[in-house]
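Summary of the model geometry
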Amino acid sequence: MLRGTFAMIDLRAIQANVHAVRGLLAASAKLLVTVKANGYGHGAADAARGALAGGADYLGVASPEEALALREAGITAPILCLGAVTPAAAAALAKVNVDITLGEPWVVDEVPQFNHTVSVHLKLDSGMTRLGARTEADALALWRSIQSRSDMKVVGVYTHLAASDAPELGHAERQMERFEALLQRLYADGLPQDIIIHAANSGAILRRKDWHFGMVRLGISAYGYPASQDFESPIALSPAMHFYAAVTRVTDVPAGTTVSYGATWTASRPSRIATLAAGYADGYHRALSNRGEVLLNGKLVPIVGRVCMDQMMVDVTDCEGVREGQVATLFGRSAPPEWNWYDIGSMPANEQLAYLIATFRAYEQHEPSAPLLSADSVASCADTISYELLCAVAGRVPRVVVEA
Ligand SMILES: *Cc1c(COP(=O)(O)O)cnc(C)c1O
């Protein structure tokens, strides 16, 4: 790495979060961890390894390509493709033993005959209005059309909750009533009792044990965040991604100086401005212009002016001792104070990674209460959610993986 913009991906955190969630579940319940969108930005195969080390039984992906990539990376665990599939995608997934989701009877009819059995999860729409059979008639038609196929085996039935992260769970409760009514109708029509029923996403997993059924689908909380800031998690969660950018320039400017595109910020006093090597093309939202904060020297400093494509500026007038080469935290744990990009950047690649990982671990151990800038709080500033910030971290940002 040469630029000084990188994310530390702590698989120990994913492992610990998954393990803690495992502890909330009944012994018989399975745990699926979603690693879609490149593992919420953490790296799909790495996130999958962390999740499996923490006790995940299943992995969830959004697209056929994501499932194929995990198989190519050598991951043999059960995978469920949660997204809609075309008949061609279903055939490609069946070949690599990935479970598919079917919600529309017409897709079932279009899927070509397989020469081995494909595992199918029926999707019921209980109120998200996104995918799945919505009415009793549709659910029955779906179930019957799959039953008529000798090459398909129903292994699961599930629904997805739209508001399990809301302050009040009324909407989710109505969805669960609707889901249970649809399920009863399917049981009456011969759906076996031993099928895996699943409904809970992170919000529901953390808040309602009675909604765990035979499996839960854990996403954001595997990566260290509750689904929203509107409820308290019953377990401790550790963020798994820590996003850093080096300081590339520090300059003193007189009052009246403007900063960045559009000259939207003007120094009201003599100011010290530091430039960071990250911008919106790295996944740091431009909406954070003149609003966001980063951690430098353990202190929060404000972003001034617009976030550029590859760089941004912060006001460090009130932050002692900021120098070029220091590393700012865009979100996650405060960077170890000894990190200096001018030294780290000139190390040979293998030494560089070993140094970053060793110092990151040592700092965490010796300073467990070092400041942490949560992706949730940065997200609030940008009017979005932690999910979007995590999966926005761009492909050009190198990931440094701390193994589980
Ligand atoms: C992404 C996803 C999940 C996980 O949701 P989180 O809120 O991240 O826990 C669960 N189920 C489905 C169908 C999903 O698409």
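Here the structure is a predicted model, which is why all the values come from computation and not from measurement.

Notes on the site of the ligand
By nearness alone, every residue bordering the ligand is listed as Thr34, Lys36, Tyr40, Leu82, Arg130, His160, Asn201, Ser202, Arg217, Gly219, Ile220 and Tyr387. In the environment of the ligand, an oxygen atom lies 2.6 Å from a nitrogen or oxygen atom belonging to the side chain of Lys36. Arg217 has a polar side-chain atom sitting 2.7 Å from a nitrogen atom of the ligand. If the ligand stood free it would expose 390 Å²; the protein chains cover 92% of that surface. Of all the cavities here, the one that holds the ligand is the largest pocket.

Side note on the layout of surface pockets
In this structure, the largest pocket spans a volume of roughly 640 Å³. Lining of the largest pocket is provided by 29 residues; of these, Lys36, Tyr40, Arg130, His160 and Tyr387 occupy positions nearest its centre. When contributions to the lining of the largest pocket are tallied by element, the ones reaching two or more residues are α2 (36–40), α9 (202–207), β9 (215–218) and α13 (386–392). With 3 residues, α2 is the single largest residue contributor to the lining of the largest pocket. Taken together, the residues of the lining of the largest pocket break down into 16 nonpolar, 8 polar and 5 charged.

With respect to the environment of Leu373
Along the polypeptide, Leu373 turns up in strand β18 (residues 372–373). Looking at Leu373, the relative accessible area reads 7%, which means it is buried. When near neighbours in sequence (up to four residues on either side) are disregarded, Leu373 contacts Glu293, Val294, Leu295, Leu300, Thr329, Leu330, Phe331, Gly332 and Val378.

The rules behind these values
Residues numbered from 1 in each chain as written. Predicted model: local features only at pLDDT ≥ 70, side-chain atom pairs only at ≥ 80, totals over all residues. Heavy atoms only, no water. Near = heavy atom within 4 Å. Polar contact = N/O pair within 3.5 Å; in protein donor to acceptor, adjacent residues only side chain to side chain. Areas by Shrake-Rupley, 256 points an atom, 1.4 Å probe, with all protein chains shown as cover. 1 Å grid on protein atoms, 1.4 Å probe; cavity = no way out; pocket = protein on both sides within 12 Å on 5 of 7 lines; lining within 4 Å. Sits in = over half its atoms within 2 Å of the grid points. Points joined across faces, edges and corners; volume = space filled by probe spheres on them. Helix = DSSP H or I, 4+ residues; strand = E, 2+ residues; numbered from the N terminus. Nonpolar A, V, L, I, M, F, W, Y, C, P; charged D, E, K, R; others polar. Buried < 20%, exposed > 50% of the residue type's maximum accessible area, 1.4 Å probe, protein only. Contact = heavy atoms within 4.5 Å.

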